[in-house]
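These are the residues of each chain, in order.
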Amino acid sequence: GDFACAACDWTARSLEGGEQGFVFHTVDTPTHALAQSSGSDKSTASVCAHLLPACAGLGVPDFRQLDTDAAFTGLGKTPGGGGRFLRLALYLGSEVIFLPPGEPQRNAPVEGLPQLWAQSFWHKNHFTSVPAFQRQSPQFLAWYDDYAPPALHGLSVKEARRGVNRRKLPPHALHRLPSDLPLTAGRLHFIRRVNTRGVLNIRKEEWKGSRRLAGA
């Protein structure tokens, strides 16, 4: 059957009282179905709190596409072993694809969502606190279900989802995860450019490749 792929990203907005709000989006790439959550920071705890309900609602993807934000990679916190978000993604059975730094176009399915979300929801309301916009966030998800992204060629998100089956994380599993997650065997993919010396940088470490691949 077809592989399921999801793209994940976040955006931040300043609230009227000066506080910052962070919104996390995961998009099922084939259907453009969306999972969204929000909070007052973009810590590893916050992105993990987004990942679990996303897997319960959209399903557990075969491939999860991310940028190299520290909240996703865990760099600088557990060197060489990956942070909790990375461990959680592998524990749930997804392969993780890290996109090249500074190339947001590669995350196209989710990259346009902050602007769409802002135009159709954020700019039409006034929020003084994170809980205030969290209470109204379901309005955007209801609107988005009837939205027809250009990539779906006339279908709404709701129509594209119809009949598509995903392996969903059962609700009881959300509360049965080990507090100290193991580093599960799995696959990590790093899309990186090779420099003129034939070297590529992965997780702040240099890896020797081939000069013939320079620029690739």
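Reading guide: rules and limits
- Residues numbered from 1 in each chain as written.
- Predicted model: local features only at pLDDT ≥ 70, side-chain atom pairs only at ≥ 80, totals over all residues.
- Heavy atoms only, no water.
- Helix = DSSP H or I, 4+ residues; strand = E, 2+ residues; numbered from the N terminus.
- Buried < 20%, exposed > 50% of the residue type's maximum accessible area, 1.4 Å probe, protein only.
- Contact = heavy atoms within 4.5 Å.
- Areas by Shrake-Rupley, 256 points an atom, 1.4 Å probe, with all protein chains shown as cover.
- Axes fitted to C-alpha atoms, helices over the stretch in contact; angles between N-to-C directions.
- Parallel < 35°, antiparallel > 145°, perpendicular 65-115°, else oblique.
- Nonpolar A, V, L, I, M, F, W, Y, C, P; charged D, E, K, R; others polar.
- Polar contact = N/O pair within 3.5 Å; in protein donor to acceptor, adjacent residues only side chain to side chain.
- Pairing = 2+ DSSP bridges.
- Expected span 1.5 Å × (residues − 1).
- Salt bridge = Lys/Arg side-chain N within 4 Å of Asp/Glu carboxyl O.

Here we come to the overall build of the protein. Counting its secondary structure elements, the protein contains 7 helices and 8 strands. Residue burial in the protein is summarised as follows: out of 216 residues, 44% are buried. Restricting the contact set of the protein to residue pairs at least 6 apart, pairs at least 24 apart contribute 61%. With an accessible surface of roughly 11500 Å², the protein has 53% of that area assigned to carbon and sulfur atoms.

With that out of the way, let us pick up the packing of helix α5 (residues 113-120) against helix α6 (residues 130-145). Packing of α5 against α6 brings their axes to within 11 Å, and their N-to-C directions diverge by 110°. One element, α5, and the other, α6, form an angle in the roughly perpendicular class. Along the contact surface, α5 presents Leu-113, Leu-116, Trp-117 and Ser-120, while α6 presents Phe-140, Trp-143 and Tyr-144. Of the residues in the contact of α5 with α6, the class split is 6 nonpolar, 1 polar and no charged.

Assignment of secondary structure puts Thr-31 in the loop between β2 (20-28) and β3 (34-39). Among the residues examined, Thr-31 registers a relative accessible area of 4% and is labelled buried. Within the structure, the side chain of Thr-31 is placed 3.2 Å from the backbone nitrogen of Ala-33, a separation counted as a polar contact. Once residues within four sequence positions are removed from consideration, Thr-31 is found in contact with Leu-152, Val-157, Ala-160, Arg-161, Val-164 and Arg-166.

The next thing to look at is the pairing of strand β5 (residues 95-98). Of the two faces of β5, both are covered, the one formed by Glu-95 and Ile-97 as well as the one formed by Val-96 and Phe-98. Examined bridge by bridge, strand β4 (residues 63-66) and β5 share 4 bridges and lie parallel to one another. Bridged to Phe-63 within β5 is Glu-95. Looking at chain direction, β5 and strand β6 (residues 188-190) are connected through 3 bridges and run parallel. Paired with Val-96 across the strands is Leu-188, a residue of β6.

Let's shift gears to helix α1 (residues 44-57). An ideal rise of 1.5 Å per residue puts 20 Å on 14 residues; α1 measures up with 20 Å between its terminal C-alpha atoms. Thr-44, Ser-46, Val-47, Cys-48, His-50, Leu-51, Leu-52, Ala-54 and Cys-55 are the residues of α1 that are buried. Phi turns positive one or two residues past the end of α1, at Gly-59, with a value near 110°.

Our next topic: the pattern of salt bridges. Where side chains of opposite charge bring their charged atoms close, a pairing between them can arise. One pass over the structure, following the stated rule, counts 2 salt bridges. Put simply, Asp-28 and Arg-166 hold a salt bridge, and the shortest N to O gap is 2.9 Å. With Asp-28 in strand β2 and Arg-166 in the loop between α7 (157-161) and β6, this residue pair connects regions lying 138 residues apart in the sequence. For Lys-158, the salt bridge is made with Asp-146, and the minimal N-O distance between the two is 3.1 Å. Here Lys-158, found in helix α7, pairs with Asp-146, found in the loop between α6 and α7; they are 12 residues apart in sequence, far enough to count as distant.

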